[in-house]
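Inside the fold
Read off the chains here:
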Amino acid sequence: MKARIIAYYLPQFHPIPENDEAWGAGFTEWTNVAQARPLFKGHYQPRIPADLGFYDLRLPEVREQQAQMAREAGVEGFCYYHYWMGNGKQLLQRPFNEVLASGKPDFPFCLAWANHEWTTRTWQNGGKTKMIAPMVYGDEADYKAHFDYVLPAFRDHRYITVDGKPIFSIFDPYNFAGVARFITLWQQWALENGLPGIHFTAMINNTTTIKRRYDGTFDRVLPNLKSSADVFNDILALGFDSITSYGKSRAEMLNQGKYWRIVKKYAQEKMPFLPTLKYDYPKVVRHFFAPEDRWENVFPTVIPQWDRTPRAGNSEGIYVNSTPENFQKHLEDALKIVENKQPEHRLIFLKSWNEWGEGNYVEPDLKFGHGFLEAIKNVIK
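Numbering of residues begins from 1 in every chain and follows the order in which that chain's sequence is written. Confidence filtering applies because this is a predicted model: local features only for residues at pLDDT of at least 70, side-chain atom pairs given and counted only at 80 or more, and all residues used for totals across whole chains, interfaces and linings. In computing side-chain values, all of the structure's heavy atoms are included and hydrogens and water are not.

1. Remarks on the pairing of strand β14 (residues 298-302)
So the rule is basically this: Burial classes: relative accessible area under 20% of the type maximum marks a residue as buried, over 50% as exposed, and values in between as partly exposed (1.4 Å probe, protein chains only). The numbering of helices and of strands both runs from the N terminus, where a helix is a DSSP run of H or I of at least 4 residues and a strand a run of E of at least 2. Paired strands are those between which DSSP finds at least two bridges.
Most of β14 sits out of view: five of its five residues are buried. For strand β12 (residues 242-246) and β14, the ladder comprises three bridges, and the chain directions are parallel. Bridge pairing in β14 links Ile243 to Val298. Where β14 meets strand β16 (residues 347-350), two bridges bridge the pair, whose relative direction is parallel. Looking at the pairing, Val302 lines up with Leu350 of β16.

Have a look at this one:
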């Protein structure tokens, strides 16, 4: 086995009441994707899907086609973003609930808890920010309700495991003050329900300006571009079994200079009339992996493309030269990071399968066709 490619999967391609109220009836991720416009000569916008079209994830046929494409490319499974907002409140749960209940597609999956608040800021550039759904960390009764909801998924034969344990990702371990207690309780309940335990992985930047203490408070620190050991160990100490390492900030700092990147990013947010901030994809992603990404319990992340202008307008950098060929080289570099690990631990997370609003997807489009899927197949198969 060369590597285990797990692709993050966004379920926001169907209407929900919360989005209808915030944006108007029928809003989905496609709304911003379709209305995006190029900001400079050669800028690839709008991005138009090919084989699957502007799909609706309420259709089981679409989910079957996605699984078949992923399977043929060598992707092991989907990691569905899971929105438990606290006190039993969920968002976008229908596609995964139907996958679980129906047994189809018969394709491996796991869950990533997207534990962050939902505001209009995620899907618009400028304007007054409005709350769509707050992130509420409830008491132990809510932890138990959350566990009981996820338990049938953990028991499903399709659920992805590491060392025999179902893997569960947590998007933001920094702002969840009670995460250590949460992990302890879930591990206890897993054993009580006949599971061997849960493999908790923390999704974090391998270079960060935040240092988290055990009690949930944190300090601002200067980013360390030479080592991620302190960052990773601080999080592992909370009870996590592994780190899912994300190198975008590190790569951009090493490409442009630590302080220059921070200044330019801040200026772009405050003065969107400035020329678009561009990053040359192959020059950036060669810095994506920290030395500690080679640790046995660290899983690196790869990105095929990056362009959040459908959501964020001109306020964030755009990756140019994001071609299937350059992505294949990026994936080959990731393979070298994991090649000496035990086969079970050669996980590489792909961000993402279908984040079209971030220009961050491998599904077929009109420009590249199946190019990004073929790149995965060339490396993995």
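Right, picking up where we left off after that structure.
2. Things to note about the environment of Arg294
Put simply, the rule is: Throughout, a residue-residue contact means that at least one pair of heavy atoms, one from each residue, lies within 4.5 Å. Any pair of N or O atoms that falls within 3.5 Å is considered a polar contact. Within protein, one atom must be able to donate a hydrogen and the other to accept it, and sequence-neighbouring residues count only if both atoms are side-chain atoms.
Considering the arrangement of structural elements, one finds Arg294 in the loop between α10 (281-285) and β14. The class of Arg294 is partly exposed, set by a relative accessible area of 49%. Ignoring sequence-local partners within four residues, the contact set of Arg294 consists of Lys336, Ile337 and Lys341. Of note is the side chain of Arg294, whose polar atom sits 3.3 Å from the backbone oxygen of Lys336.

3. Quick look at the nonpolar core
Test applied: Definition of nonpolar core: a set of buried residues of the types Ala, Val, Leu, Ile, Met, Phe, Trp, Tyr and Cys, connected through side-chain atoms within 4.5 Å.
Within the largest apolar cluster, 116 residues are counted, with the highest numbers of intra-cluster contacts made by Trp118, Phe168, Trp186, Phe240 and Phe327. The contacts of Phe327, once residues within four sequence positions are left out, are Tyr281, Val302, Ile303, Pro304, Leu350, Val362, Phe372, Ala375 and Ile376.

4. Notes on empty space enclosed by the protein
For clarity, the threshold we go by: The method works on a 1 Å grid over the protein atoms by themselves. A cavity is a set of points holding a 1.4 Å probe that cannot get out, a pocket is an open set with protein on both sides within 12 Å along at least five of seven lines, and residues with an atom within 4 Å of a point line them. Grid points are joined across faces, edges and corners, and a volume is the space filled by probe spheres set on the points. Polar here means any residue outside two lists: the nonpolar Ala, Val, Leu, Ile, Met, Phe, Trp, Tyr, Cys and Pro, and the charged Asp, Glu, Lys and Arg; Gly therefore counts as polar.
Per the stated rule, a full pass over the model turns up two cavities of 30 Å³ or more. Pro11, Tyr80, Tyr81, His82, Tyr83, Gln90, Leu91, Leu92, Gln93, Phe96, Leu111 and Tyr149 together form the lining of the largest cavity. When residues of the lining of the largest cavity are traced back to their parent elements, those giving at least two are β2 (75-86) and β3 (89-91). When residues of the lining of the largest cavity are assigned to their parent elements, the largest contribution, four residues, is made by β2. For the lining of the largest cavity, the per-class residue count stands at nine nonpolar, three polar and no charged. By volume, the second largest cavity amounts to about 40 Å³. Around the second largest cavity, the lining residues are Trp84, Gly86, Trp113, Met135, Val136, Tyr137, Gly138, Asp142, Tyr143, His146 and Phe182. Among the secondary structure elements, those contributing two or more residues to the lining of the second largest cavity are β2 and α5 (140-155). Counting residues per element, the lining of the second largest cavity draws most heavily on α5, at three residues.

5. Brief notes about the pairing of strand β4 (residues 109-113)
Burial analysis of β4 places five of its five residues in the buried class, which makes it a mostly covered element. Burial along β4 is two-sided: the residues Phe109, Leu111 and Trp113 and Cys110 and Ala112 are all buried. Bridging between β2 and β4 involves five bridges; their strand directions are parallel. The residue of β4 that forms the bridge with Phe78 is Phe109. Sheet topology note: the β4/strand β8 (residues 165-170) ladder contains three bridges and is parallel. Counted as the bridge partner of Leu111 is Phe168 from β8.

6. Quick look at the environment of Asn354
Inspection of the secondary structure puts Asn354 in strand β17 (residues 354-355). With a relative accessible area of 0%, Asn354 lands in the buried category. For the pair formed by Asn354 and Pro364, sequence separation is ten residues and the distance between their alpha carbons is 9.7 Å. With residues near it in sequence (within four places) discarded, Asn354 still touches Tyr8, Tyr9, Leu10, Phe13, Tyr55, Gln66, Asn360, Tyr361 and Glu363. One polar contact links the side chain of Asn354 to the main-chain amide nitrogen of Leu10, over a distance of 2.7 Å.

7. With respect to the confidence of the model for the protein
Test applied: Confidence of the prediction at every residue is given by pLDDT, a number between 0 and 100.
Of all residues in the protein, 98% attain a pLDDT of 70 or more, and the chain-wide mean is 94. Considering each helix and strand of the protein separately, the mean pLDDT is smallest for helix α9 (residues 258-270), with a value of 71, and largest for β4, with 99.

8. Structural notes on the pattern of salt bridges
We count it as follows: Criterion for a salt bridge: a side-chain nitrogen of Lys or Arg within 4 Å of a carboxyl oxygen of Asp or Glu.
The tally for this structure, following the rule as stated, stands at 20 salt bridges. Between Asp148 and Lys144 there is a salt bridge; the shortest N-O distance is 2.9 Å. Separated by four residues within a single helix, Asp148 and Lys144 lie in helix α5, roughly one turn from each other. On the accessibility criterion, Lys144 (30% relative accessible area) is partly exposed. Here the residues in one salt-bridge network are Glu29, Arg308, Arg311, Lys351, Glu355 and Glu358, joined through shared partners.

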